[in-house]
Amino acid sequence: MSLAVMGLLGAYQYTSDLSDLSERTRSMEMLLAERLAQHDAHLSGLGAVVRMSPDEPSPSIQGLAENIITRYPRITDIATISIGSGTVRAVSYGRAMGPEIIDLQPILDLTGLEKTGDTSARPATTPHAYEIFKLVAPKRLLRLRIDTDALLDMGDEGAQYSSMLSLNHTVLFEKNGGTDALLTASNTLDTSNHSQPLHLMVSRGFRLNELCPPQLAFPLLAGLAAITWLIMRYRHASRERQSQERRAMLFEQEAKLAQAGRVNAIGEMASGIAHELAQPIAAILSQSQAAKRALAIKRPDILESAIDANIRDARRAGDILSRMRAYVSGAPARIEEISLTEAITDALRLVEADLAQRGIALAVTMSDNVGTGHVDVISFQQVLHNLVRNAADAVADRQNPNITVDVLRQGNEVLIVVADNGPGIEPSSLDRIFDPFFTTKTEGMGLGLPLSARLLEKMNGSIEACNDGGARFTIHLPTGMLP
Ligand code: ADP
């Protein structure tokens, strides 16, 4: 991105400098045209005087030449050349000490100077100069020597421009405006003057710091960085807003689902309760009618057994209701840090007598590092009680019925594994046994396991079931401190 901006900046600077170069070339073209025309004018003026001065050296030519050289310092020499039969006589004019006969070596080449008025420009024998020859009269020539440095002098501005002046492919003048350029642009022009067909090339080199001036590049880059930062902030903020909206939408959907789930669960539960209570209530009704009849026929024995049955069924109904209340209760667990070994021993003590009476063996093993756990003691004991009671139901018809309870520590949890040597859980029922009212027992309520799972959840624990010979239930509880 910054490179692109630097590139744009450079391109802009380059284009604007290119137009400066064109401007410079145009100025040089105009200046050259004007100066070359002056040379032509001087040649014409001098030619007229030469034609009027048959004898040389001539004071008239000297006067005019002196005047021209003083006023136009780029004209460094004015000479006349007279060609005799086999001789060439040249006189140099314009010098302060007066005209001087000079030696013209090598022998003058008169190509292109056939008739009076013909001109020819050639590179001079001295560097940075060229000479214009004009046949001003038969066998009489005029010669102006032009200093190219002075010819192209445009004042001291334009140090950054290079220029090269050539005549007939000979370089007369060369100025270099800088070497460490990154880019160079050139303009060329051929003068429209026939007597002096000069070729000029003006060029401009561009250094990196010219194309991308730091005083422009830095504020621009800083501005760009600020804009980029703002865009990124804006994008981040809008992404954040979108994800918040999505989250809010999801929450709303979840809340609606949970509400629908609750309504569903209440419906299921209500029908479950009705179903469960229907049986003891119907029994109480028929037993109460039997009791009434027994009273009429004065049969206290039948009356007593009917009342006993009523008491049993009323207790069962009460039991169903209290378990339901425990299951749906939103009351938080009363969590305390206790020794799990003690809590488990106490819970098992409550069932030991019943198991012994039914001839069921109970084997308990606890590893030494069980330590403490954060539990609600009453709920925890109720869970253990449910599991052992279910295991006892499962092994009731087995030979050598036995239940094992293994307590061990695993990382940050304590595992309590209750296993039995019963028939195991029916594979098709495995994923339903924690559903309320799911039971395979004729007298079952299907509330023991869901209630246990709910109570453990409140203690940040969990329970899972599998078959391993018989059934095997594993309670996971987070540990407290190490023993
Ligand atoms: P209930 O004991 O009243 O049936 P539970 O929720 O405690 O209700 O148990 C649900 C069902 O899970 C039982 O009816 C039984 O099918 C199955 N189950 C529970 N424990 C065992 C076990 N130890 N062995 C085999 N099946 C079991």
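Keep in mind the model is a prediction, meaning the values are calculated, not measured.

Caption draft 1: Layout of the overall build of the protein. Counting its secondary structure elements, the protein contains nine helices and 17 strands. Put simply, the protein has 483 residues, and 39% of those count as buried. Contacts in the protein between residues at least 24 apart in sequence constitute 64% of all its contacts with a sequence separation of at least 6. Of the roughly 27600 Å² of accessible surface on the protein, a fraction of 57% belongs to carbon and sulfur atoms.

Caption draft 2: Inspection of the pairing of strand E17 (residues 470-478) at higher detail. The buried fraction of E17 is high, at seven of nine residues. Here strand E15 (residues 413-420) pairs with E17 via seven bridges, running antiparallel. Looking at the pairing, Val417 lines up with Thr474 of E17. As paired strands, strand E16 (residues 462-468) and E17 are joined by seven bridges and run antiparallel to one another. Looking at E17, one finds that Asp468 is bridged to Gly470.

Caption draft 3: Inspection of the site of the ligand at higher detail. Neighbouring residues of the ligand: 21 residues in total, closest Asn390, Thr439, Thr440, Lys441 and Leu449. For the ligand, a nitrogen atom lies 2.9 Å from a polar atom in the side chain of Asp420. Lys441 has a polar side-chain atom sitting 2.8 Å from an oxygen atom of the ligand. Burial of the ligand by the protein amounts to 94% of the accessible area it has alone, namely 530 Å². For the shell around the ligand, the elements supplying multiple residues, two or more each, are helix H8 (377-395), helix H9 (448-458) and E17.

Caption draft 4: Structural context of the packing of H8 against H9. For the pair H8 and H9, interaxial distance at closest approach is 9 Å and the crossing angle is 150°. Considered as vectors, H8 and H9 are oriented roughly antiparallel to each other. The interaxial crossing formed by H8 with H9 has left-handed handedness. Where H8 approaches H9, its residues Ser379, Gln382, Val383, Asn386, Leu387 and Asn390 are matched on the opposing element by Gly448, Leu449, Leu451, Ser452, Leu455 and Leu456. Residue composition of the contact of H8 with H9, grouped by class: six nonpolar, six polar and no charged.

Caption draft 5: Summary view of the sheet that holds strand E1 (residues 75-83). Across the sheet, six strands lie side by side as E3-E2-E1-E6-E5-E4; this open sheet has antiparallel pairing. The sheet is open, and its two edges are formed by strand E3 (100-102) and strand E4 (119-123), each paired on a single side. In this sheet, neighbouring strand axes are inclined to one another by 25° on average, regardless of whether the strands run parallel or antiparallel. In the packing of helix H2 (residues 59-71) onto the sheet, contacts are made with E1 and strand E2 (88-93), and the angle to E1 comes to roughly 155°.

Caption draft 6: Region of interest: the packing of aromatic side chains. A full pass over the atoms with the stated rule returns zero aromatic pairs. Its end group placed over the ring of Phe133, Arg122 keeps NZ or CZ at 5.3 Å from the ring centre. Sitting over the ring of Tyr161, Arg204 keeps its end group 5.8 Å from the ring centre.

Caption draft 7: Structural context of the sheet that holds strand E8 (residues 170-175). Sheet architecture is open: four strands sit in the order E8-E7-E10-E9, paired in antiparallel fashion. Two strands close off the open sheet at either side, each with one partner strand: E8 and strand E9 (183-190). Taking the axes of each pair of neighbouring strands and ignoring which way they run, one obtains an average angle of 15° across the sheet. Pairing between strand E7 (residues 161-167) and E8: five bridges, direction antiparallel. Bridge assignment links Leu165 to a residue of E8, and that residue is Phe173.

Caption draft 8: Local environment of the nonpolar core. The biggest cluster of nonpolar side chains holds 39 residues, and the ones touching the most others in it are Phe380, Leu387, Ile403, Ile416, Phe473, Ile475 and Leu477. Among the elements of the structure, helix H7 (340-357), H8, strand E14 (402-410), E15, H9 and E17 are those that each provide at least two residues to this core. Counting residues per element, this core draws most heavily on H8, which supplies eight residues. Among residues more than four places away in sequence, those in contact with Ile416 are Ile344, Phe380, Leu384, Val405, Asp406, Val407, Phe473, Thr474, Ile475 and Leu477. Grouped together as the second largest cluster of nonpolar side chains are 37 residues, Tyr72, Tyr93, Phe173 and Ala185 included.

Caption draft 9: Molecular detail of the packing of H7 against H8. For the pair H7 and H8, interaxial distance at closest approach is 9 Å and the crossing angle is 40°. One element, H7, and the other, H8, form an angle in the oblique class. Both H7 and H8 take part in a crossing whose hand is right-handed. Each of Leu340, Ala343, Ile344, Asp346, Ala347, Leu348, Val351 and Leu355 in H7 lies in contact with H8, whose residues at this interface are Phe380, Gln381, Leu384, His385, Val388 and Ala392.

Caption draft 10: View of the environment of Leu152. Structurally, Leu152 is set in the loop between helix H3 (148-151) and E7. For the pair formed by Leu152 and Leu31, sequence separation is 121 residues and the distance between their alpha carbons is 8.3 Å. Ignoring any residue separated from it by four or fewer positions in sequence, one finds Leu152 in contact with Met28, Leu32, Arg35, Leu165, Phe173 and Leu200.

Calculation rules
- Residues numbered from 1 in each chain as written.
- Predicted model: local features only at pLDDT ≥ 70, side-chain atom pairs only at ≥ 80, totals over all residues.
- Heavy atoms only, no water.
- Helix = DSSP H or I, 4+ residues; strand = E, 2+ residues; numbered from the N terminus.
- Buried < 20%, exposed > 50% of the residue type's maximum accessible area, 1.4 Å probe, protein only.
- Contact = heavy atoms within 4.5 Å.
- Areas by Shrake-Rupley, 256 points an atom, 1.4 Å probe, with all protein chains shown as cover.
- Pairing = 2+ DSSP bridges.
- Near = heavy atom within 4 Å.
- Polar contact = N/O pair within 3.5 Å; in protein donor to acceptor, adjacent residues only side chain to side chain.
- Axes fitted to C-alpha atoms, helices over the stretch in contact; angles between N-to-C directions.
- Parallel < 35°, antiparallel > 145°, perpendicular 65-115°, else oblique.
- Left-handed = near helix turned anticlockwise from the far one by under 90°.
- Nonpolar A, V, L, I, M, F, W, Y, C, P; charged D, E, K, R; others polar.
- Phe/Tyr/Trp six-rings, centres within 6.5 Å; stacked < 30°, edge-to-face > 60°.
- Lys NZ or Arg CZ within 6 Å of the ring centre and 35° of its normal.
- Core = buried A, V, L, I, M, F, W, Y, C linked by side-chain atoms within 4.5 Å.

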